[in-house]
Amino acid sequence: MSRHPKGVRAKILLSSVFGPYAQDDEYGSRSINPMELYHNQVTRAQGAFSLRMFHRSWGIMMIQRNISAPCTVLDFPTKEAFIKELASQPYDIVGISSIIMNIGKVQEMCRLIREHSPSSTIVVGGHVSAIPGVEQMVDADEIVKGDGIAWMREYLGEDPAAPVDHPSIVSAFNKRVMGFRIPNDTKATAATIITSVGCPLGCNFCTTSAFFGGKGKILNFYRTGSDMFDLLLRVEKELGTKSFFVMDENFLLQRRRAMDLLDRMEQEGKAWSLYVFSSANAIRKYTMDELVRLGISWIWMGLESPHASYAKLAGTDTHELTHNLRANGIKLLGSTIVGLEHHTPENIREEIEYAVAHETDFHQFMLYTPIPGTPLYSEIEAEGRMLKDVNLADIHGQHKFNFQHAAISRDDSKRFLDWAFKLDFDRNGPSVYRIARTLLEGWKRHKDHPDPRVRRRIANEVQELKTAYAAVLWGMERRLKDTNKAVAEQIHALRAEIDKEFGAVSRLAASLFGPVLAWTARREEKRLANGQTYEPPTFLERRNWGQA
């Protein structure tokens, strides 16, 4: 890689791909694959009860924060907004970040740059760079694979190994449930903290592990618990939040860092809530008391088939583990792969039933999908089982197989996937109800915990259970009593427990706002039936621009 001639004097534009995102179009957008993490692949079958929200493009925000050059971030632009920004001033470098499914938009954006800003150097990064032969597919000058911060620093003549300066990022915005828009509030929303990229376990289907070096490789931005504590302390001061969404493929795997963080939290009296990703075998390294004192409030964990050979599940009774975690107020997002190599039409329903029986607060189902850049893709391609006529825009894991499975047809893969989501919803109810149930369990178990930090955290997390959740549950019970009587009765029982625990406050909130939410949910159901979709707003942010 040669350095850019202007170095840190270069004007840089970093952009995500243009919208809209939740509709079928000529550039590869798909209505089934909206720019909403939860509604896309977790709560998609829950209708008006689905948890709706957007997340920023964290990668380009991290790069902008860690270079000295004048840099503009354009996130979720329309095509017209992208063209307008290109024409607004002479950019020396235009970078595009994209996932594989949006390759068509990357191609169009490269064309637009050549037309409207022909002197710009075009840089393309993100998972799209893992596509074999991507250099011939897009008209870019540079393709970045792996760590974009280090690459851009080196390209500008800066130290690629310098410490990472983390921006303060609100994890989600424009949240909505039951047709009700929840006001954006940095204090009430978790902050995103990216402590590392890559995962040493390296499951063969994992794109992020493969993208950052594969099995055994991990890039730590914050190696020690003390470094991480200092970051959380700064972000808390800037945003006012007490909760943090830790983006780390397997946060609890690095026990020394986690326990060092706990030491600092205890020394400083911090009652923070942490939302983390972790494997079952990593969770088992801790006692339940350690997890509770550390502030672990939410875990995203893989719950692949008990017959799979993934090391992260070895020797773990996941049903017992998930039950114990929820009983201690730790919310869970289970993730299950549908269509593993050993699955057949005869056994796959039993395995989906097994997954749903974990009763996690959320459950993600994804098709077993060989994605370019992963070991699985290389294996399936070498066996000649990749389907050649599948558009790259359709390999997001929520549609149909992109390879020849030994026992399950492409059309059946979608039917089984859809059935998994429906079964989970019908059996376990809306995720927001499940969250309320787990919050109450945590309150009952730990409201008298000997550590005052834990008592404060639990009391803080349960505040909305007394009011907002009480109203939501009233509305849910009303909307479900005719369509899912069993779940409606469970919600009614939970409401009775909440009323018993918190008294008049919860009853008043339910009676005042529950009917409103029942009405907004009914309105949302009609909107969704008419094809209503949601799109994120455009963000335009400049940094170091005064020197430009």
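You'll find the structure just up there.
Since the structure is predicted, the reported quantities are computational estimates derived from the model, not experimental observations.

1. Some words on the environment of Leu-473
Of note, Leu-473 is situated in helix α18 (residues 468–480). Of the residues examined, Leu-473 reaches a relative accessible area of 0% and is grouped as buried. Sequence separation between Leu-473 and Leu-517 is 44 residues; the distance between their C-alpha atoms is 9.2 Å. Beyond its immediate sequence surroundings of up to four residues, Leu-473 is in contact with Tyr-433, Ala-436, Ile-491, Leu-494, Arg-495 and Ile-498.

2. Comments concerning the pairing of strand β16 (residues 331–338)
The element β16 is largely enclosed, with a buried count of 8 among its 8 residues. Burial of β16 is two-sided: the residues Lys-331, Leu-333, Ser-335 and Ile-337 facing one way and the residues Leu-332, Gly-334, Thr-336 and Val-338 facing the other way are all buried. For strand β15 (residues 296–302) and β16, the ladder comprises 5 bridges, and the chain directions are parallel. Following the sheet pairing, Met-301 is matched in β16 by Gly-334. With 6 bridges connecting them, β16 and strand β17 (residues 362–367) associate as parallel partners. Directly across from Ile-337, in β17, lies its bridge partner Met-366. Crossover handedness for the path β16 to helix α13 (residues 348–356) to β17: right-handed.

3. Some thoughts on the packing of aromatic side chains
Taken as a whole and assessed by the stated rule, the structure comprises 23 aromatic pairs. With a centroid separation of 5.4 Å and 75° between ring planes, the pair formed by Phe-244 and Trp-272 is classed as edge-to-face. With Phe-244 in strand β13 (residues 243–247) and Trp-272 in the loop between α9 (255–268) and β14 (273–277), the pair connects residues that are 28 residues apart, well separated along the chain. Residue class for Phe-244 comes out buried when judged on its relative accessible area of 0%. Looking at Trp-272, the relative accessible area reads 1%, which means it is buried. Arg-255 extends its terminal NZ or CZ atom over the ring of Tyr-286, reaching a point 5.0 Å from the ring centre. We note Arg-349 situated over the ring of Trp-419; from NZ or CZ to the ring centre the distance is 4.7 Å.

4. Structural notes on α18
Every α-helix winds through 3.6 residues per turn, so residues three or four apart in the chain are directed the same way. Between its first and last C-alpha, α18 extends 18 Å over 13 residues, near the 18 Å set by a 1.5 Å rise per residue. Summarising burial for α18: 10 of the 13 residues are buried, a large majority. Those residues of α18 that fall on the buried side of the exposure criterion are Tyr-469, Ala-470, Ala-471, Val-472, Leu-473, Trp-474, Gly-475, Met-476, Glu-477 and Leu-480. Looking at the buried positions of α18, the neighbouring elements they touch are α16 (431–446), α17 (452–466), α19 (485–502) and α20 (504–529).

5. Overview of the pattern of salt bridges
Considering all chains together, one arrives at 40 salt bridges under this definition. Residue Glu-108 is joined to Lys-79 by a salt bridge in which the shortest nitrogen-to-oxygen separation is 3.0 Å. Pair noted here: Glu-108 is in helix α4 (residues 103–116) and Lys-79 is in helix α3 (residues 79–88), with a separation of 29 residues, a long-range link. A salt bridge links Lys-270 to Glu-236; the nearest nitrogen and oxygen atoms lie 3.0 Å apart. Linking Lys-270 in the loop between α9 and β14 with Glu-236 in helix α8 (residues 225–239), this pair joins segments that are 34 residues apart in sequence. Here the two residues Lys-270 and Glu-236 agree in accessibility, since each one is buried.

6. Looking at the packing of α16 against α19
When two helices pack together, their arrangement is given by the angle between the helix axes and by the axis-to-axis distance. Between α16 and α19, the shortest axis-to-axis distance is 11 Å and the interhelical angle comes to 35°. The handedness of the crossing between α16 and α19 comes out as left-handed. In contact with Tyr-433, Ala-436, Arg-437, Leu-440, Trp-443 and Lys-444 of α16, α19 contributes Gln-490, Ile-491, Leu-494, Glu-497, Ile-498, Glu-501 and Phe-502. Tallied by class, the residues present in the contact of α16 with α19 amount to 8 nonpolar, 1 polar and 4 charged.

Cut-offs used in this document
- Residues numbered from 1 in each chain as written.
- Predicted model: local features only at pLDDT ≥ 70, side-chain atom pairs only at ≥ 80, totals over all residues.
- Heavy atoms only, no water.
- Helix = DSSP H or I, 4+ residues; strand = E, 2+ residues; numbered from the N terminus.
- Buried < 20%, exposed > 50% of the residue type's maximum accessible area, 1.4 Å probe, protein only.
- Contact = heavy atoms within 4.5 Å.
- Pairing = 2+ DSSP bridges.
- Right-handed = clockwise from strand over helix to strand, strands pointing away.
- Phe/Tyr/Trp six-rings, centres within 6.5 Å; stacked < 30°, edge-to-face > 60°.
- Lys NZ or Arg CZ within 6 Å of the ring centre and 35° of its normal.
- Expected span 1.5 Å × (residues − 1).
- Salt bridge = Lys/Arg side-chain N within 4 Å of Asp/Glu carboxyl O.
- Axes fitted to C-alpha atoms, helices over the stretch in contact; angles between N-to-C directions.
- Left-handed = near helix turned anticlockwise from the far one by under 90°.
- Nonpolar A, V, L, I, M, F, W, Y, C, P; charged D, E, K, R; others polar.

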